[in-house]
Amino acid sequence: MKNILILNGSPRAHGNTAALVDAFSRGAQEAGNTVHICNLRTMNIHPCIGCLQGGKTYDSPCVQKDDMDQIYTLYRSADCIVYASPLYWWSFSAQLKAAIDRLFAVMEGSSDNGAPAYQTNLTAKECIMIVPAEEDHAANFELINHYFDGYLQRMGWKDAGRLLAGGLMQAKDIQNRPEYLSKAYELGRSIR
């Protein structure tokens, strides 16, 4: 089975994203996977400062010392990464984007044999996107789909699924859309 890291970028503790993450996690665990959820809203993660000085230390590759060190450890051992975020301006939330940007430090520097670190540290992973949003039409998700496609291509990762859940504006709207919770659960169960 697989190690799954969920990066929950929602600023709401009990909103639509959290409900989808919980359903996904339940399905993934029932399928025999190990799941780690990082609720980024409660973590101290500073934005990338663009210093290009990362990669010198394996366990703590970024020069900034904050809660990203917890994520680096989980990230390295993960077989599957889940990006969960409400749709903010047709992209991920600032909380999730900050964590994604800081993952760059894993690819900086050189490995022990002198090769660029990104060649050593970019292990093949599966990636999933879970995105609730207010609007419920394909054009609403066009930009985030384009970003995710590019990200997967650049990282060499496999697209393991997407749940784009439109029509969810208020924190409890998910209660009126049980089909999304079922889809999240089944997406979690599909990871093997």
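Coordinates for the structure precede this section.
Keep in mind the model is a prediction, meaning the values are calculated, not measured.

Criteria and cut-off values
Residues numbered from 1 in each chain as written. Predicted model: local features only at pLDDT ≥ 70, side-chain atom pairs only at ≥ 80, totals over all residues. Heavy atoms only, no water. Helix = DSSP H or I, 4+ residues; strand = E, 2+ residues; numbered from the N terminus. Rg over C-alpha atoms; globule rule 2.2 N^0.38 Å. Buried < 20%, exposed > 50% of the residue type's maximum accessible area, 1.4 Å probe, protein only. Areas by Shrake-Rupley, 256 points an atom, 1.4 Å probe, with all protein chains shown as cover. Pairing = 2+ DSSP bridges. Axes fitted to C-alpha atoms, helices over the stretch in contact; angles between N-to-C directions. Contact = heavy atoms within 4.5 Å. Expected span 1.5 Å × (residues − 1). Patch = residues over 30% accessible without salt bridge, like charges linked within 9 Å, V, L, I, M, F, W, Y side chains within 5 Å. Salt bridge = Lys/Arg side-chain N within 4 Å of Asp/Glu carboxyl O. Right-handed = clockwise from strand over helix to strand, strands pointing away. Core = buried A, V, L, I, M, F, W, Y, C linked by side-chain atoms within 4.5 Å.

**Q** Just to check I follow, could you spell out the overall build of the protein chain for this structure?
**A** Scanning the protein chain from N- to C-terminus turns up six helices and five strands. Start at the N end of the protein chain and walk to the C end: the helices and strands fall as β-α-β-α-β-α-α-β-α-β-α. In terms of C-alpha radius of gyration, the protein chain reaches 16 Å, essentially the compact-globule figure of 16 Å for 192 residues. Expressed along its principal axes, the backbone C-alpha trace of the protein chain runs to roughly 55 × 35 × 30 Å. Of all 192 residues assigned to the protein chain, the portion counted as buried reaches 49%. For the protein chain, the accessible surface area stands at approximately 9400 Å², while carbon and sulfur atoms represent 52% of it.

**Q** Would you mind going over the sheet that holds strand β5 (residues 158-165) with me for this structure?
**A** To summarise the sheet geometry, strands pair through backbone hydrogen bonds and adopt either a parallel or an antiparallel arrangement. An order of β2-β1-β3-β4-β5 is seen for the five strands of this open sheet, with the pairing classed as parallel. Of all the strands in the sheet, just β2 (34-39) and β5 have a single pairing partner and so form its edges. Shown here is a sheet whose adjacent strand axes are inclined to one another by a mean of 15 degrees, direction ignored. Where strand β1 (residues 3-8) lies against strand β3 (residues 80-84), five bridges are found, and the strand directions are parallel. Looking at the pairing, leucine 5 lines up with isoleucine 81 of β3. Contacting β1, β2 and β3, helix α2 (residues 68-77) crosses the sheet at an angle of about 140 degrees to β1. Set on the sheet, helix α6 (residues 178-189) makes contact with β4 (126-132) and β5; between it and β5 the angle comes to about 170 degrees.

**Q** Could you clarify how one ought to interpret helix α1 (residues 16-30) in this entry?
**A** Owing to its 3.6 residues per turn, the α-helix brings residues three or four apart onto one side. Along its 15 residues, α1 runs 21 Å from first to last C-alpha, staying within 8% of the 21 Å computed at 1.5 Å per residue. Taken as a whole, α1 has its buried residues at Asn16, Thr17, Ala18, Leu20, Val21, Ala23, Phe24, Ser25, Gly27 and Ala28. Its buried side turned inward, α1 meets β1, β2, β3, β4, β5 and α6. A positive backbone phi angle near 100 degrees is found at glycine 32, which sits one or two residues after α1.

**Q** Where do I start with a nonpolar patch on the surface in this structure?
**A** A grouping of Tyr88, Trp89, Trp90 and Leu143 is seen on the molecular surface, where their side chains present a nonpolar patch of about 520 Å² in accessible area. Classification of tryptophan 90 as partly exposed rests on a relative accessible area of 37%.

**Q** Sorry, what's going on with the pairing of β2 here?
**A** On a regular strand, one side chain projects to one face of the sheet and the next to the other, so that they alternate. When β1 meets β2, the two strands line up parallel, connected through six bridges. Looking at the pairing, asparagine 8 lines up with asparagine 39 of β2. Between the parallel pair β1 and β2, the chain is carried across by α1, and the sense of this crossover is right-handed.

**Q** How do you make sense of the nonpolar core when you look at a structure like this?
**A** Nonpolar side chains in soluble globular proteins tend to be buried together. Core analysis: the biggest nonpolar cluster contains 35 residues, and Leu7, Leu40, Ile71, Ile81, Tyr83 and Trp157 have the highest contact counts within it. Those elements that place two or more of their residues in this core are β1, α2, β3, α3 (94-102), β4 and α5 (142-155). Top element by residues in this core is α5. It accounts for five residues. If we ignore the near neighbours within four places in the chain, the residues touching tryptophan 157 are Tyr75, Ile81, Tyr83, Thr123, Ala124, Lys125, Cys127, Tyr151 and Leu152. Listed in part, the 23 residues of the second largest apolar core include Ile6, Ala28, Ala165 and Leu187.

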